[in-house]
Amino acid sequence: MTGQDPKGEGLAASSRSLRQSPEPGSVTRRRLFAGSALLAAGGAVAVIGPSPAGAEADTNLPPDIPEWQIRPGREVMSPPYGLPSRYEGEVVRRPRAGGAPSPTRLAAVSTTPLQNLVGITTPNGLHYERHHAGVPDIDPEQHRLMVHGLVERPLIFTMADLTRYPSVSRIYFLECSGNSQTWGEPKSELTAQDTHGLLSCCEWTGVPLAIVLDDAGVRPEAKWILAEGADAAAMTRSIPIEKALDDALLAYAQNGERLRPEQGYPLRLFLPGYEGNASVKWLRRLKLGTAPFETREETSKYTMVMPDHTIRQFNFAMEAKSVITFPSGGHRLSAPGFYEISGLGWSGSGRIKRIEVSTDGGRSWQNAALQEPILPKCLTRFRFPWQWDGGPATLASRATDETGYVQPSHEALLKERDARSYYHNNAVQSWHVASGGAVTNAG
Amino acid sequence: MRGSIAVGAVFVGVLASHASARYGFGRQATPREIAGWDIDVSPDGSGLPAGRGSVREGAAIYAEKCAACHGGKGDGGPMDQLAGGFGTIFDAKPHKTVGSFWPYATTLFDFVRRAMPLDAPQSLTPDQVYAVSAYVLFLNRIVPEDAVLDATTLPKIEMPNRAGFTSEYGPATGAPKP
């Protein structure tokens, strides 16, 4: 049953219909328990899990006293590092459906379950992954960052050195440049996790890279920096010096705790607004030079073939984009009535200025409410009240950022470039609501 | 931090060489330490180690250490295709290979040295990396069967798609440069 429900198809909506029904008893409890963990509209999280006790669960409802109330629960610190409720087992990272499966899980991606999350923060255990040769198990005592090349003083830092520097904490999104492989005919079965799940947002804490570079003494000829990871791929990217001296971070913490191994423990580069791949994880080396270093990640991967047959090597900033996360692919609306459409907008160029929502397939657009805080290079949550009349509808969202740039439609994007460019697909995403309430990907 | 004179004083001796540094954390990296980690190779050939390797030697190394993942002739399967795909990069489904796509031969050396084979990275000697790079370039019809690569010959190789690339950066689709 729901344990095998990869799309999260039993939905929050069923709990909502229960709450709204004039006769709650008309929706069977069995049906309620068949739902997996879900989001209800209205921003509240309705946690409806599979019933472990089967039919006995019925005795947990009024007027009976629930079984969890008639004896004490777990002790403190069981476990010492807390985990989500066992009823939330469906809310996990998944491989991306819809594309060719990766032949190895060492060089692969996993996606964030956007359709199950609220607010703007991605829990650390749900941050999307892209590794090129697995996740290294690094002893922080033995991790070193080397800064060399065109500097006055080549330096080596321990983690203790780096955490002594003045620090900053900032909330930023991170998006893989290969997110949203939605160029072709829409595959109706895809969820928001499949189409947009290479996107996460955390509070990152670290030392501004500019401070550390200043200690090393940047030579005036230095224009590019090679960032290299300590993983088995020794991942490398070339970073323009302006970015390094602007808002780049040497990050060692994420949402209040040290980085997760999958996110670069104990140290990663974090380049706000840039494609995820440039924020090199497990950072061990920064080498300053005069030109791009022409790494493999700047050749067959992470480059864009343009219609004029040039190949763009560096496509750093992620363009403004948005996606409706509720209702989205795999959800099911159980009955006509009120739903709160909710989703995320973001831009690598700054703040989100406006998100518009269409419920008629893009014929008309209306402004959504933006949830504060509205931060630069950070996810912004939007909400839009909607009365579903029970008929077919096509939902879409469109972002405008503070530079005035407007997220393009598929058609507009395809006029500029096509699937050969592969990366940076920021086209408007639509979901189709069928008259029965099933929500599917409409591309 | 900056005003933390007492802390700074403790480190004065150690940090004598950091006279102009603002915080003075970390220590000088020694040439030996840098040499051990400084493995990147640039298009001008800087960073290439001493050593040499031939197509013929490379064929044997490739068969032993690469073919299982990249196909007998670099034709791919299960992992990335390394050879062929000539003239496909503007097709609807481009085959991006070392020969059809990569702008610099030095990138091949750099990548194989740091990351391949996937199950034993940084295990190849410089001679082996030269040799297997020569073989992959031979499979792509870029060097002849009798080619021998070293720090002088490798950077001179002209890759067919070199002119296709632009390293200019900024938005691809209308968004302003941040």
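Residues numbered from 1 in each chain as written. Chains lettered and ligands numbered in written order. Predicted model: local features only at pLDDT ≥ 70, side-chain atom pairs only at ≥ 80, totals over all residues. Heavy atoms only, no water.

Caption draft 1: Here's a closer look at the sheet that holds strand β4 (residues 155–157) of chain A. Spatially, six strands are ordered β8(A)-β7(A)-β12(A)-β3(A)-β4(A)-β1(B) in an open sheet, and the strand pairing comes out mixed. Unpaired on one side and paired on the other, β8 (236–240) of chain A together with β1 (27–28) of chain B mark the two borders of the sheet. Sheet topology places strand β7 (residues 224–229) of chain A next to strand β12 (residues 283–289) of chain A; six bridges connect them, and they run antiparallel. The residue of β12(A) that forms the bridge with Glu228(A) is Arg285(A). The strands touched by helix α5 (residues 209–216) of chain A within the sheet are β3 (145–149), β4, β7 and β12 of chain A, with β4(A) carrying the most contacts at an inclination of about 135°. (Pairing = 2+ DSSP bridges. Helix = DSSP H or I, 4+ residues; strand = E, 2+ residues; numbered from the N terminus. Contact = heavy atoms within 4.5 Å. Axes fitted to C-alpha atoms, helices over the stretch in contact; angles between N-to-C directions.)

Caption draft 2: Summary view of the side chain of Asn441(A). Residues and elements named next belong to chain A. Structurally, the position occupied by Asn441 is in strand β23 (residues 439–441). Here Lys187 takes part through its backbone oxygen, which lies 2.9 Å from a polar atom of the side chain of Asn441. Only 2.8 Å separates the side chain of Asn441 from the backbone nitrogen of Gly443, close enough to count as a polar contact. (Polar contact = N/O pair within 3.5 Å; in protein donor to acceptor, adjacent residues only side chain to side chain.)

Caption draft 3: Layout of the environment of Ala67(B). Along the chain, Ala67(B) turns up in helix α4 (residues 67–70). As a C-alpha pair, Ala67(B) and Pro78(B) span 11 residues in sequence and 9.9 Å in three-dimensional space.

Caption draft 4: Representation of the packing of aromatic side chains. With the rule as written, the count across this model stands at 19 aromatic pairs over all chains. Between the aromatic rings of Trp224(A) and Phe314(A), the centroid separation amounts to 4.9 Å while the plane-to-plane angle is 40°, which identifies the pairing as tilted. Highlighted residues: Trp224(A) in strand β7 and Phe314(A) in strand β14 (residues 311–314), separated in sequence by 90 residues. Looking at Trp224(A), the relative accessible area reads 9%, which means it is buried. Here Phe314(A) falls in the buried class, since its relative accessible area comes to 0%. Every member of this aromatic cluster is reached through a ring pair, and the members are Phe157(A), Tyr165(A), Tyr23(B) and Phe25(B). Here the guanidinium or amino end of Arg398(A) rests over the ring plane of Trp365(A), the centre of that ring lying 4.2 Å away. (Phe/Tyr/Trp six-rings, centres within 6.5 Å; stacked < 30°, edge-to-face > 60°. Buried < 20%, exposed > 50% of the residue type's maximum accessible area, 1.4 Å probe, protein only. Lys NZ or Arg CZ within 6 Å of the ring centre and 35° of its normal.)

Caption draft 5: Summary view of the interface of chain B and chain A. The interface of chain B with chain A comprises 59 residues on the first partner and 64 residues on the second. Around 5,400 Å² of area is buried between chain B and chain A when both sides are counted, 60% of it from carbon and sulfur atoms. Taken together, chain B and chain A are joined by eight salt bridges. A salt bridge links Asp38(B) to Lys287(A); its shortest N-O distance comes to 2.8 Å. At the boundary of chain B with chain A, the tally comes to 19 residue pairs in polar contact (both at pLDDT 80 or more). Per-element accounting of the side of chain B that touches chain A gives the leading share, five residues, to strand β4 (residues 165–169) of chain B. Residues that form the side of chain B that touches chain A fall into these classes: 33 nonpolar, 16 polar and 10 charged. (Buried area = accessible area lost by both parts, 1.4 Å probe. Salt bridge = Lys/Arg side-chain N within 4 Å of Asp/Glu carboxyl O. Nonpolar A, V, L, I, M, F, W, Y, C, P; charged D, E, K, R; others polar.)

Caption draft 6: Region of the structure containing unusual backbone geometry. Residues and elements named next belong to chain A. Of the consecutive residues Tyr265 and Pro266, the connecting peptide bond is found in the cis state with omega at 5°. Note that Pro266 resides in the loop between β10 (257–258) and β11 (268–270). Look at the link from Phe326 to Pro327: it is a cis peptide, with omega at -5°. For Pro327, the location among the structural elements is in the loop between β15 (321–326) and β16 (337–346). A positive phi angle, near 40°, is found at Ala234, a position not held by glycine.

Caption draft 7: Examining the pairing of β14(A) more closely. Pairing analysis gives two bridges linking strand β13 (residues 304–305) of chain A to β14(A), with the strands arranged antiparallel. Looking across to β14(A), one finds that Val305(A) is bridged to Ile311(A). Turn length for the β13(A)-β14(A) hairpin, with the two strands adjacent in sequence and antiparallel, is five residues, and the turn residue His309(A) shows positive phi of about 70°. Where β14(A) lies against β4(B), three bridges are found, and the strand directions are parallel. Paired with Arg312(A) across the bridge in β4(B) is Thr166(B).

Caption draft 8: Looking closely at the packing of helix α3 (residues 55–65) of chain B against helix α6 (residues 126–139) of chain B. All names here are of chain B. Remark: α3 packs on α6, axes separated minimally by 7 Å, with the N-to-C direction vectors making an angle of 90°. It follows that α3 is roughly perpendicular to α6 by the angle criterion. In contact with Val55, Glu57, Gly58, Ala59, Ile61, Tyr62 and Lys65 of α3, α6 contributes Gln128, Ala131, Val132, Ala134, Tyr135, Val136 and Phe138. (Parallel < 35°, antiparallel > 145°, perpendicular 65-115°, else oblique.)

Caption draft 9: Seen up close, α3(B). Residue and element names in this part refer to chain B. All buried positions along α3 are accounted for by Val55, Gly58, Ile61 and Tyr62. For α3, the arc enclosing every buried residue in end-on projection is 115°, short of the 170-degree limit, so these residues lie on one face. Turned more than 90 degrees away from the buried face of α3 sit Arg56, Ala60, Ala63 and Glu64, all of them exposed. Summarising the contacts, the buried residues of α3 are in contact with β2 (52–54), α4 and α6. (Arc of directions from axis to C-beta.)

Caption draft 10: Structural view of the sheet that holds strand β20 (residues 380–388) of chain A. Residue and element names in this part refer to chain A. The antiparallel open sheet is built from four strands, whose spatial order is β15-β16-β20-β19. Here the strands that pair on one side only, and so sit at the sheet edges, are β15 and β19 (369–370). Pairing analysis gives nine bridges linking β16 to β20, with the strands arranged antiparallel. Across the sheet, the residue bridging to Phe338 is Gln387, located in β20.

Limitation: the analysis is restricted to geometry and does not speak to function.
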